[in-house]
Amino acid sequence: MARRSLPILKQLLQRSSSESLLNPSIVGGGLLGTRYEPKRSVTYMPRPGDGTPRAVTLIPGDGIGPLVTGAVEQVMEAMHAPVFFEKFEVHGDMPKVPEEVMDSIKKNKVCLKGGLATPVGGGVSSLNVELRKELDLFASLVNCFNLPGLATRHENVDIVVIRENTEGEYAGLEHEVVPGVVESLKVITKFCSERIAKYAFEYAYLNNRKKVTAVHKANIMKLADGLFLESCREVAKKYPGIQYNEIIVDNCCMQLVSKPEQFDVMVTPNLYGNLVANTAAGIAGGTGVMPGGNVGADHAIFEQGASAGNVGKIELVEQKKANPTALLLSSAMMLRHLQFPSFADRLECAVMSVVSEGKYRTKDLGGTSTTQEVVDAVIDKLA
């Protein structure tokens, strides 16, 4: 029996080593070759109708928005992804989101969006906030992680920032009490706090994350942030397998820039999440590479993860050198949300491979490539 087993064992060992050479992702879990190809062990088994093309509302937006959304359109077409876009012109200086755009998002359930520039001051409301409130997109999710081959100050960063998206300081309840005195209200409710806490813990549970950290300022705002913490603690009791801790927002920012690898999933009220997500994105490689989405019970909008601080940079638009990486990865999140996982994997692998090689990079990543050159490189990897 042992003699007959020996040749078979040798064949298996030889086969294993040859597979490791052909598939670099098997060795050490890293990128040792030119193509990022994780080995999938489970075949996706579609249900009848899963391959039906889905309509997606597309808002190119302002500044670099049309450049990066155009990049997504090209890549989707090249990979024959089962989506088609309904495109609408929306700009941040509009008084409100046009009714036909809202109707399209409500019908399609999914939207891909470039940055919308919000005028500073002047009483003009943010269309981004309007979309989140109107569609009840209560959860903002930004994944800040080290990309293979992209050098940063810190390694082993993989942080998911989950931010309450509909209330807090962004409730928009402001008025002038008397000339020279303005009152701005921060609204925190138990319903919204419990809802975002449940979303964060459920995300951690389903994605094999080990820890959830609640970010707060309850030492000063004892009632408002105190209610948020109380809600997080109640939800945490239902997930005994996930470690739960709390951190004050100012200490959180200091810890992020000194030891970011200690964080896993972070759940925050509205304003803090905006600050924390941008800080984490800067640590992990910049806002140009971090994907994100805004999700509700019925609708979802995918866009650049951290605030699009480069939306209004005229030189990027003129030189056509905006970084499409963040929105390409966000569109991969969208494909997974639409239950097209194999297309999402192909797109992510192609983008990661281009970043890892380092031949085509835009200015924010230390290169000189144009948006189109990066897009062409990604399409080549899809072939």
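Because the structure is a prediction, the values reported are computed rather than measured.

**As for the pairing of strand 10 (residues 265–268)**
Line of reasoning, step 1. Side chains Val265 and Val267 project from strand 10 onto one buried face, and the interleaved Met266 and Thr268 project onto a second face that is buried too.
Line of reasoning, step 2. One ladder, built from 4 bridges, connects strand 5 (residues 158–164) with strand 10; its direction is parallel. In the strand pairing of strand 10, valine 160 is matched with valine 265.
Line of reasoning, step 3. Looking at chain direction, strand 8 (residues 211–216) and strand 10 are connected through 3 bridges and run parallel.

**Some details on unusual backbone geometry**
Line of reasoning, step 1. Phi at histidine 80 is positive, roughly 55°, even though this residue is not glycine.
Line of reasoning, step 2. Judged by relative accessible area, histidine 80 falls into the exposed class, the value being 64%.
Line of reasoning, step 3. At glutamine 339, a position not held by glycine, the phi torsion is positive, near 70°.
Line of reasoning, step 4. Tracing the backbone through its elements, the reader meets glutamine 339 in the loop between helix 10 (325–337) and helix 11 (341–357).

**Some remarks on the packing of aromatic side chains**
Line of reasoning, step 1. In total, this model carries 4 aromatic pairs according to the counting rule given.
Line of reasoning, step 2. Taken together, a centroid distance of 6.0 Å and an interplanar angle of 90° make the contact between phenylalanine 138 and tyrosine 199 edge-to-face. With a gap of 61 residues between them, phenylalanine 138 in the loop between helix 4 (127–134) and strand 4 (139–145) and tyrosine 199 in helix 5 (residues 190–206) connect regions that are remote in the sequence.
Line of reasoning, step 3. For tyrosine 199, a relative accessible area of 23% gives the class partly exposed.
Line of reasoning, step 4. Measuring from ring centre to ring centre gives 6.0 Å for phenylalanine 201 and tyrosine 244, while their planes differ by 45°; the resulting arrangement is tilted. Placement of the pair is phenylalanine 201 in helix 5 and tyrosine 244 in strand 9 (residues 243–248), with a sequence separation of 43 residues.
Line of reasoning, step 5. Among the residues examined, phenylalanine 201 registers a relative accessible area of 0% and is labelled buried.
Line of reasoning, step 6. Given a relative accessible area of 21%, tyrosine 244 falls into the partly exposed group.
Line of reasoning, step 7. Following the ring pairs from residue to residue traces out a cluster consisting of Phe201, Tyr205, Tyr239 and Tyr244.

**Focus: the pairing of strand 3 (residues 110–113)**
Line of reasoning, step 1. Burial of the side chains of strand 3 extends over both faces: Val110 and Leu112 are buried on one face and Cys111 and Lys113 on the other.
Line of reasoning, step 2. In this structure, strand 1 (residues 54–59) lies alongside strand 3, joined through 3 bridges in parallel fashion. Pairing of isoleucine 59 across the sheet is with lysine 113, part of strand 3.
Line of reasoning, step 3. Pairing of strand 3 with strand 12 (residues 300–304), which is carried by 3 bridges, proceeds in the parallel orientation. Across the sheet, residue leucine 112 finds its bridge partner in strand 12, namely phenylalanine 302.

**A closer look at the confidence of the model for the chain**
Line of reasoning, step 1. Confidence along the chain averages 86 in pLDDT terms, with 85% of residues attaining 70 or more.
Line of reasoning, step 2. Low pLDDT, under 50, characterises residues 1–10; the predicted model gives this stretch 0 contacts beyond four residues in sequence or across chains.
Line of reasoning, step 3. Taken together, the stretch residues 15–35 has pLDDT below 50 and engages in 27 contacts with residues farther than four places along the chain or on a different chain.

**So, the pattern of salt bridges**
Opposite charge on two side chains allows them to pair when their charged atoms are near.
Line of reasoning, step 1. Using the criterion set out here, one finds 17 salt bridges in the structure.
Line of reasoning, step 2. Close ionic contact of lysine 186 with glutamate 169 constitutes a salt bridge, the shortest N to O distance being 3.4 Å. Of this pair, lysine 186 sits in the loop between strand 7 (181–184) and helix 5 while glutamate 169 sits in the loop between strand 5 and strand 6 (174–178), and the two are 17 residues apart along the sequence.
Line of reasoning, step 3. You can call lysine 186 partly exposed: its relative accessible area is 22%.
Line of reasoning, step 4. For glutamate 169, a relative accessible area of 25% puts it in the partly exposed group.
Line of reasoning, step 5. Between lysine 190 and glutamate 234 there is a salt bridge whose closest N-O contact spans 3.2 Å. Within this pair, whereas lysine 190 is found in helix 5, its partner glutamate 234 is found in helix 6 (residues 224–236), the two being separated by 44 residues in sequence.

**A few points about the side chain of asparagine 165**
Line of reasoning, step 1. With respect to the secondary-structure elements, asparagine 165 resides in the loop between strand 5 and strand 6.
Line of reasoning, step 2. At 2.9 Å, the side chain of asparagine 165 and the side chain of asparagine 294 are in polar contact.
Line of reasoning, step 3. Beyond its immediate chain neighbours, meaning those up to four positions away, asparagine 165 contacts Arg132, Leu137, Phe138, Ala139, Ser140, Asn270 and Asn294.

**A look at the nonpolar core**
Line of reasoning, step 1. Leu335, Leu347 and Val378 are the most contacted members of the largest nonpolar core, which totals 65 residues.
Line of reasoning, step 2. A per-element tally of this core places helix 11 first, with 8 residues.
Line of reasoning, step 3. Of all hydrophobic cores here, the second largest spans 24 residues; its members include Ile188, Val212, Leu229 and Tyr239.

Thresholds, definitions, all that
- Residues numbered from 1 in each chain as written.
- Predicted model: local features only at pLDDT ≥ 70, side-chain atom pairs only at ≥ 80, totals over all residues.
- Heavy atoms only, no water.
- Buried < 20%, exposed > 50% of the residue type's maximum accessible area, 1.4 Å probe, protein only.
- Helix = DSSP H or I, 4+ residues; strand = E, 2+ residues; numbered from the N terminus.
- Pairing = 2+ DSSP bridges.
- Phe/Tyr/Trp six-rings, centres within 6.5 Å; stacked < 30°, edge-to-face > 60°.
- pLDDT = per-residue confidence, 0-100.
- Contact = heavy atoms within 4.5 Å.
- Salt bridge = Lys/Arg side-chain N within 4 Å of Asp/Glu carboxyl O.
- Polar contact = N/O pair within 3.5 Å; in protein donor to acceptor, adjacent residues only side chain to side chain.
- Core = buried A, V, L, I, M, F, W, Y, C linked by side-chain atoms within 4.5 Å.

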